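# Descriptive structure summary
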Amino acid sequence: RRFGHELDNLARLPEKATAPLLAGDRAARPPWFATAYVPGLTLTEALHAHDGPLPAEALWLLLREAAAGLAAVHALDMVHRDLKPSNVMLTLDGLTLIDFGVARAAEQSQVTRTGMVVGTPAYMSPEQASGVRRSTGAVDVFALGSVLAYAASGRPPFGDESGHAVLYRIVHEEPDLDALRDLDPDLADVVAACLDKDFEGRPTAAELVELAERHGPFTPPLWPEAITGPLAERAAFAAKVPTVEDLSVAAPAPTPEPGPGAERAAAGPERPRRRRRTRVLLAVVPVVVATGATLAVQLLP
């Protein structure tokens, strides 16, 4: 039931905000769904490719793109609830948010109970960490502030532990924004507003889009060269539509057994024959979600 509910939500999401839903079957055993392949890098991968934090211009672009996606989602009275670097995909065209809770829903044995907390500790809002109120778009804005701080420094603003210590700091202590403030004081002020302990004091996603737009224009190439290169490679991979020949599997020719009296080469022991393997290319990565586990199958060259 939870899977079906989240699948309905995924179908409602704007295509510009996340990977489009292609197909799904909630009645199958196990239930499954498939989304379009996103030819991008997660923010975590992007920082690794860049060998460090992003420059200020890229951070303003990250803010605009992520806030625009959240604004479209919040306009439907929906909430992501688990925004973090691994759920932010940088692409040549901008940015895509992924994982709106369907995979987590499939891992739950029953419908979410009252008091259950959904999210990743280092990127939770104070109200999520304490469970004192229902999640609204303000929790995504708080998480976006933490994601920006991570992109500017390489670590979350309240630490990256997964236990109670980081939740305590989120609720009671101030974020570490020193690296961001040294890089761009104006952006640091915006992020500090996103990380306000009081959800009513945070800007909305739509307001963040307007703030970021003032620091444009953002023209291609959108991201630093070290990130654009890998993005171009993945975009080229996704653009190649497989043919029947690409997907056909050639059976290896059988090796004849030597008959009685057959002579063997005297040059040494016979080396085993290598079986040819057909390279398989897929433009869409199928994702199967089953109860208790999430399985992603990706066939690459």
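Residues numbered from 1 in each chain as written. Predicted model: local features only at pLDDT ≥ 70, side-chain atom pairs only at ≥ 80, totals over all residues. Heavy atoms only, no water.

### With respect to the overall build of the chain
Selection rule: A helix here means a DSSP run of H or I that spans at least four residues, while a strand means a run of E at least two residues long, and both kinds are numbered starting from the N terminus. For every residue, the accessible area (1.4 Å probe, protein chains only) is compared with the maximum for its type, and the residue is labelled buried under 20%, exposed over 50%, or partly exposed between those bounds. A contact between two residues is defined here by any heavy atoms of the two lying within 4.5 Å. Using a 1.4 Å probe, the Shrake-Rupley method yields the accessible areas, and only the shown protein chains count as cover for residues.
Tallying secondary structure elements over the chain gives 12 helices and 7 strands in all. When each of the 301 residues of the chain is scored for burial, the buried share is 41%. Contacts in the chain between residues far apart in sequence, at least 24 positions, make up 70% of those at least 6 positions apart. For the chain, the accessible area works out to roughly 17,000 Å², and carbon and sulfur atoms hold 53% of it.

### Considering the confidence of the model for the chain
Low pLDDT means the predicted coordinates in that region are not meant to be read closely. Stated formally: The quantity called pLDDT is the predictor's confidence in a given residue, expressed from 0 to 100.
Model confidence for the chain is summarised by a mean pLDDT of 82, while 76% of its residues fall at 70 or above. Note that residues 262-301 has pLDDT below 50 and, in this model, 61 contacts with residues that lie over four places away or in other chains.

### Description of helix 7 (residues 164-172)
Inclusion rule: Working note: the arc is built from the helix axis to C-beta atom directions.
Among the residues of helix 7, those classed as buried are Val166, Leu167 and Ile170. Projection of helix 7 onto a plane perpendicular to its axis shows the buried side chains occupying an angular sector of 100 degrees, all on one side. Away from its buried face, by an angle of more than 90 degrees, helix 7 presents the exposed residues His164 and His172. Residues of helix 7 that are buried in the fold lie against helix 5 (126-130) and helix 6 (137-153).

### A closer look at the pattern of salt bridges
Using the following cut-off: One side-chain nitrogen of Lys or Arg within 4 Å of one carboxyl oxygen of Asp or Glu is enough to make a salt bridge.
In total, this model carries 10 salt bridges according to the counting rule given. Notably, a salt bridge pairs glutamate 65 with arginine 64, separated by 2.7 Å at the nearest N-O pair. Across the pair, arginine 64 and glutamate 65 agree in class, each one buried.

### Overview of the packing of aromatic side chains
Defined as follows: Each Phe, Tyr or Trp ring (for Trp, its six-membered ring) is paired with any other whose centre lies within 6.5 Å, and the angle between the two planes then decides the class: stacked below 30 degrees, edge-to-face above 60, tilted in between.
Going through the model one piece at a time under the given rule, you end up with 3 aromatic pairs. Each ring, one from phenylalanine 3 and one from phenylalanine 33, has its centre 6.2 Å from the other, and the planes form 50 degrees; the classification is tilted. On the criterion of sequence distance, the pair formed by phenylalanine 3 in helix 1 (residues 2-12) and phenylalanine 33 in strand 2 (residues 32-35) is long-range, its members being 30 residues apart. Like phenylalanine 33, phenylalanine 3 is buried. Centre to centre, the rings of tyrosine 37 and phenylalanine 237 are 5.6 Å apart; their planes meet at 80 degrees, and the pair counts as edge-to-face.

### Side note on empty space enclosed by the protein
Rolling a probe over the atoms, with the probe sized like a water molecule, indicates the empty space that remains. Our working rule: Cavity: a set of points on a 1 Å grid over the protein atoms alone where a 1.4 Å probe fits but cannot get out. Pocket: an open set with protein on both sides within 12 Å along at least five of seven lines, its lining residues, like those of a cavity, having an atom within 4 Å of a point. Grid points are joined across faces, edges and corners, and a volume is the space filled by probe spheres set on the points.
Per the counting criterion, the structure on display carries 1 cavity of 30 Å³ or more. The volume enclosed by the largest cavity comes to roughly 40 Å³. Ranked by the residues each element gives to the lining of the largest cavity, the list is headed by helix 6, at 3 residues.

### Section: the packing of helix 2 (residues 43-50) against helix 11 (residues 225-239)
Applied cut-off: For helices, the axis comes from a line fit to the C-alpha atoms of the stretch in contact; other axes are also lines fit to C-alpha atoms, and the angle between any two N-to-C directions lies between 0 and 180 degrees. Angles below 35 degrees are treated as roughly parallel, those above 145 as roughly antiparallel, those between 65 and 115 as roughly perpendicular, and all remaining angles as oblique. The crossing is said to be left-handed when, going from far helix to near helix, the turn is anticlockwise and less than a right angle, and right-handed when the turn is clockwise. Residues are grouped as follows: nonpolar covers Ala, Val, Leu, Ile, Met, Phe, Trp, Tyr, Cys and Pro; charged covers Asp, Glu, Lys and Arg; every other residue, Gly included, is treated as polar.
Relative orientation of the contacting elements helix 2 and helix 11 amounts to 125 degrees, with a least axis distance of 8 Å. Judged by the angle between their axes, helix 2 and helix 11 are oblique. Crossing angle aside, the handedness with which helix 2 passes helix 11 is right-handed. Where helix 2 approaches helix 11, its residues Glu45, Ala46, Ala49 and His50 are matched on the opposing element by Ala226, Ile227 and Arg234. Here the contact of helix 2 with helix 11 is built from residues that sort into 4 nonpolar, 1 polar and 2 charged.

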